[in-house]
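# Observations on chain architecture
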Amino acid sequence: MVIHHSKQLLEELSEVEEKIQLLERLMDELKIDCDREGLIKSLLAKRYGIPSGQ
């Protein structure tokens, strides 16, 4: 069971990383300053319904 959850977590983290990379490329193209930590917090908050201020 632990292995199954670890695999699922790895898949979710990979998905988040792909989204972050897409956002970073878009922000570079648009010449917008990119804060990777802020992007991660925002994506996780959106995914899990957590207010982004926390």
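Now for a look at the structure at hand.

## Focus on the overall build of the chain
- Within the chain, the regular secondary structure consists of two helices and zero strands.
- Put simply, the chain has 54 residues, and 13% of those count as buried.
- Surface summary for the chain: the accessible area is close to 4,800 Å², and the carbon and sulfur share equals 60%.

## Let's talk about the side chain of glutamate 12
- Summarising the element assignment, glutamate 12 is placed in helix α1 (residues 2-29).
- Excluding residues that lie within four positions of it along the chain, glutamate 12 makes contacts with Arg47 and Tyr48.

## Examining α1
- Between its first and last C-alpha atoms α1 spans 41 Å; for 28 residues at 1.5 Å apiece the expected length is 40 Å, and the two agree.
- Turning to α1, its buried residues number three or more, namely Glu12, Val16, Ile20, Glu24 and Met27.
- Buried-residue contacts for α1 involve α2 (36-48).
- One or two positions beyond α1, positive phi appears at lysine 31, with a value near 60°.

## Structural notes on a nonpolar patch on the surface
- Together, Ile40, Leu44, Tyr48 and Ile50 make up a nonpolar patch on the protein surface, roughly 340 Å² of accessible area in all.
- Assignment of secondary structure puts isoleucine 40 in helix α2.
- For isoleucine 40, a relative accessible area of 30% puts it in the partly exposed group.

## Focus: the pattern of salt bridges
- If you walk through the whole model with that rule in mind, you get two salt bridges.
- Across the pair lysine 19 and glutamate 15 runs a salt bridge whose closest N-O atoms are separated by 3.3 Å. Of this pair, lysine 19 and glutamate 15 both sit in helix α1, separated by four residues, roughly a single helical turn.
- According to the relative accessible area criterion, lysine 19 is partly exposed, its value standing at 39%.
- Put simply, arginine 47 and glutamate 15 hold a salt bridge, and the shortest N to O gap is 2.9 Å. With arginine 47 in helix α2 and glutamate 15 in helix α1, this pair connects stretches of sequence that are 32 residues apart.
- For arginine 47, a relative accessible area of 40% translates into the label partly exposed.
- Look at glutamate 15 and you get partly exposed, because its relative accessible area is 31%.
- Because the salt bridges share partners, they merge into one network encompassing Glu15, Lys19 and Arg47.

About the cut-offs
- Residues numbered from 1 in each chain as written.
- Predicted model: local features only at pLDDT ≥ 70, side-chain atom pairs only at ≥ 80, totals over all residues.
- Heavy atoms only, no water.
- Helix = DSSP H or I, 4+ residues; strand = E, 2+ residues; numbered from the N terminus.
- Buried < 20%, exposed > 50% of the residue type's maximum accessible area, 1.4 Å probe, protein only.
- Areas by Shrake-Rupley, 256 points an atom, 1.4 Å probe, with all protein chains shown as cover.
- Contact = heavy atoms within 4.5 Å.
- Expected span 1.5 Å × (residues − 1).
- Patch = residues over 30% accessible without salt bridge, like charges linked within 9 Å, V, L, I, M, F, W, Y side chains within 5 Å.
- Salt bridge = Lys/Arg side-chain N within 4 Å of Asp/Glu carboxyl O.

Without other data, these values stay purely geometric and don't point to any function.
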